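If you want the building blocks of each chain, they are given just below.
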Amino acid sequence: MEHTDFEMFAGQKVAGKAVPMLRVSHVARQFGGRQAVQDVSLSVCPGQVTCLLGSSGCGKSTTLRMIAGIEQLDAGSIHIDGQLVADRNGSLRPEKRSVGMVFQDLALFPHMTVFDNIAFGMARDQRRTADVEQMLDRVGLRGYGAKYPHQLSGGEQQRIALARALATGPKVMLLDEPFSSLDQRLRSEMREFALDLLREAGAAVVLVTHDPDEAMMMADRIAIMDQGRVLQQGAPLDLYHRPANLAVAQFFSDLNLLPGKVSHGGVATGIGAISAGPLAEGTAVTCAIRPEHLRPARSTDGAACAKVSRIQKLGRENLIELSLPETSQKLRCNIAGSCDFKLGDRVTLDYDPATVMVFPA
Ligand SMILES: Nc1ncnc2c1ncn2[C@@H]1O[C@H](COP(=O)(O)OP(=O)(O)OP(=O)(O)O)[C@@H](O)[C@H]1O
């Protein structure tokens, strides 16, 4: 494909409002007649992190590659800092977009020293020792310049990859599953480290992940993708508490699902009547409640509604499985801290009605 430079469009500043550094509008991409990305739109402000969250093959990396300039667009447009950098007619070269990238395999050059790896992305006339040293300082690896990548731990290589991507002062940073090869402890340490570094750098960040915990921890906004489309996007807690549909709700945790039908404004379920909100009379629905929102208590007066059928004590939390007598349906509860339930205990169930989500079936 032919690469063309687009003319600059002045980014309009709106008084008192953050202006997006990255604007992705209705982009689409297909491969061999199969739509990999359809009608995806995102806006990311400087210093903000947006996570593309979704299962394998849903189009996250393709979206990221289109922003990077290494994948063509079939439709839509991408603007960085007010400048049109790609649409279906052309695409500005990756190195001219002010974009930094960190991928899962990090792609450090094994035959180059740490110093040269960091300096590689910088324009020749900007390759000053002091600037590279400063980047090493920023990622906590002062004095590592003469080492080679194979002499570094996984976490140190990760820091160098971040330093290399940030060395050119990019307006947009793209990260594709950058922490997935690290063990769990190092992963959470690196997430915090990267978040502080990226916020300090002030770039607009797009992070691809299939890990909901990572998205919840790192994102200012999450866009949940499925089959090439964005199902819903918003602040992490909004998506968690107010998912638009069952598919979005299921991304964040296991759910206890209770089928029913709206009758007199409510739904009769094995755990009691649940308000149907605005759903019409007769609508078939699925009521969903997260395991951490169910609160079982040992029944003292025989008014039990469930029986403890399995207990797994994991230290920090306990997974309790309950069996509903009438339907034999199983429900899962997560209980933090200590827990003195025994198998066969008869329990009552309490929950905040606001935590029950009701979706048309
Ligand atoms: N260059 C390509 N040629 C053909 N098909 C492709 C190409 N790149 C991606 N695809 C297909 O497009 C779809 C989306 O792929 P993509 O890599 O964007 O998904 P993803 O959500 O990032 O997945 P993962 O989490 O596994 O990396 C998949 O079905 C994939 O097989």
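Residues numbered from 1 in each chain as written. Predicted model: local features only at pLDDT ≥ 70, side-chain atom pairs only at ≥ 80, totals over all residues. Heavy atoms only, no water.

## Notes on the overall build of the chain
Item 1. A count of helical and extended segments in the chain gives 8 helices and 21 strands.
Item 2. Counting only C-alpha atoms and orienting by the principal axes, one finds that the chain spans roughly 80 × 45 × 45 Å.
Item 3. Taken across its 361 residues, the chain has 46% of its residues classed as buried.
Item 4. Relative to all contacts within the chain whose residues are 6 or more apart in sequence, the contacts with residues 24 or more apart total 65%.
Item 5. Summing over all exposed atoms, the chain offers an accessible surface of approximately 18100 Å²; the carbon and sulfur share of this is 48%. (Helix = DSSP H or I, 4+ residues; strand = E, 2+ residues; numbered from the N terminus. Buried < 20%, exposed > 50% of the residue type's maximum accessible area, 1.4 Å probe, protein only. Contact = heavy atoms within 4.5 Å. Areas by Shrake-Rupley, 256 points an atom, 1.4 Å probe, with all protein chains shown as cover.)

## Let's talk about the pattern of salt bridges
Item 1. Per the counting criterion, the structure on display carries 16 salt bridges.
Item 2. For the salt bridge of Glu189 with Arg159, the shortest nitrogen-to-oxygen distance reads 4.0 Å. Here the residue Glu189 occupies a position in helix α5 (residues 184–201), and Arg159 occupies one in helix α4 (residues 154–166), the gap between them amounting to 30 residues.
Item 3. On the basis of relative accessibility, which here comes to 41%, the residue Glu189 falls in the partly exposed class.
Item 4. Classification of Arg159 by relative accessible area gives buried; the value is 18%.
Item 5. Here Glu321 and Arg310 are joined by a salt bridge, their closest N and O atoms 3.8 Å apart. Here Glu321, found in strand β18 (residues 317–323), pairs with Arg310, found in strand β17 (residues 306–313); they are 11 residues apart in sequence, far enough to count as distant. (Salt bridge = Lys/Arg side-chain N within 4 Å of Asp/Glu carboxyl O.)

## A short note on the domain arrangement of the chain
Item 1. Annotation of the chain at the domain level lists domain 1 (13–247) and domain 2 (254–360).
Item 2. Taking only C-alpha atoms into account, the centre of domain 1 sits 39 Å from that of domain 2.
Item 3. Domain 1 puts 5 residues into the contact, and the matching count from domain 2 is 9 residues.
Item 4. Carbon and sulfur atoms make up 66% of the surface buried where domain 1 meets domain 2, a total of about 540 Å² over both sides.
Item 5. On the surface where domain 1 and domain 2 come into contact, there are 0 salt bridges.
Item 6. Seen at the junction of domain 1 and domain 2, the total is 2 residue pairs in polar contact (both at pLDDT 80 or more). (Domains from an automatic or database assignment. Buried area = accessible area lost by both parts, 1.4 Å probe. Polar contact = N/O pair within 3.5 Å; in protein donor to acceptor, adjacent residues only side chain to side chain.)

## Quick notes on the sheet that holds strand β14 (residues 272–275)
Item 1. Read across the sheet, 5 strands follow the order β14-β13-β12-β15-β21 without closing on themselves; strand pairing throughout is antiparallel. With partners counted over all chains shown, the strands left at the sheet margins are β14 and β21 (357–360), one partner each. Between one strand axis and the next, the sheet turns through 35° on average, direction left out of account.
Item 2. As judged from the 6 bridges shared by strand β12 (residues 256–263) and strand β15 (residues 284–289), these two strands associate in the antiparallel manner. Note that in β15 the partner of Leu258 across the bridge is Cys287. (Pairing = 2+ DSSP bridges. Axes fitted to C-alpha atoms, helices over the stretch in contact; angles between N-to-C directions.)

## Thoughts on the confidence of the model for the chain
Item 1. Overall, the prediction assigns the chain a mean pLDDT of 88, with 93% of residues at 70 or greater.
Item 2. Taken as a whole, residues 1–15 scores under 50 in pLDDT and shows 29 contacts with residues more than four places along the chain or in a different chain.
Item 3. This complex was scored by the predictor with a pTM of 0.85 and an ipTM of 0.96. (pLDDT = per-residue confidence, 0-100.)

## Concerning the site of the ligand
Item 1. Neighbouring the ligand are Phe31, Arg34, Ala36, Ser55, Ser56, Gly57, Cys58, Gly59, Lys60, Ser61, Thr62 and Arg65.
Item 2. In this structure, Thr62 approaches the ligand through a side-chain N or O atom, which is 2.5 Å from an oxygen atom.
Item 3. Protein chains shield 60% of the accessible area of the ligand, which is 640 Å² for the free molecule.
Item 4. Of all the elements in the fold, those that place two or more residues in the shell around the ligand are β2 (34–44) and α1 (60–68).
Item 5. At 4 residues, α1 tops the list of elements feeding residues into the shell around the ligand.
Item 6. A breakdown of the residues in the shell around the ligand according to their chemical character gives 3 nonpolar, 6 polar and 3 charged. (Near = heavy atom within 4 Å. Nonpolar A, V, L, I, M, F, W, Y, C, P; charged D, E, K, R; others polar.)

## Quick word on the sheet that holds strand β5 (residues 83–87)
Item 1. Pairing is antiparallel in the open sheet, where 5 strands are placed in the order β2-β1-β4-β5-β6. Strands with a single pairing partner mark the edges of an open sheet, and in this sheet they are β2 and β6 (90–91).
Item 2. In this structure, strand β1 (residues 22–31) lies alongside β2, joined through 7 bridges in antiparallel fashion. Residue Val24 lies in a different strand from β2, and its bridge partner there is Leu42.
Item 3. Of the strands in this sheet, β1, β2 and β4 (75–80) touch α1, which is tilted by about 120° from β1.

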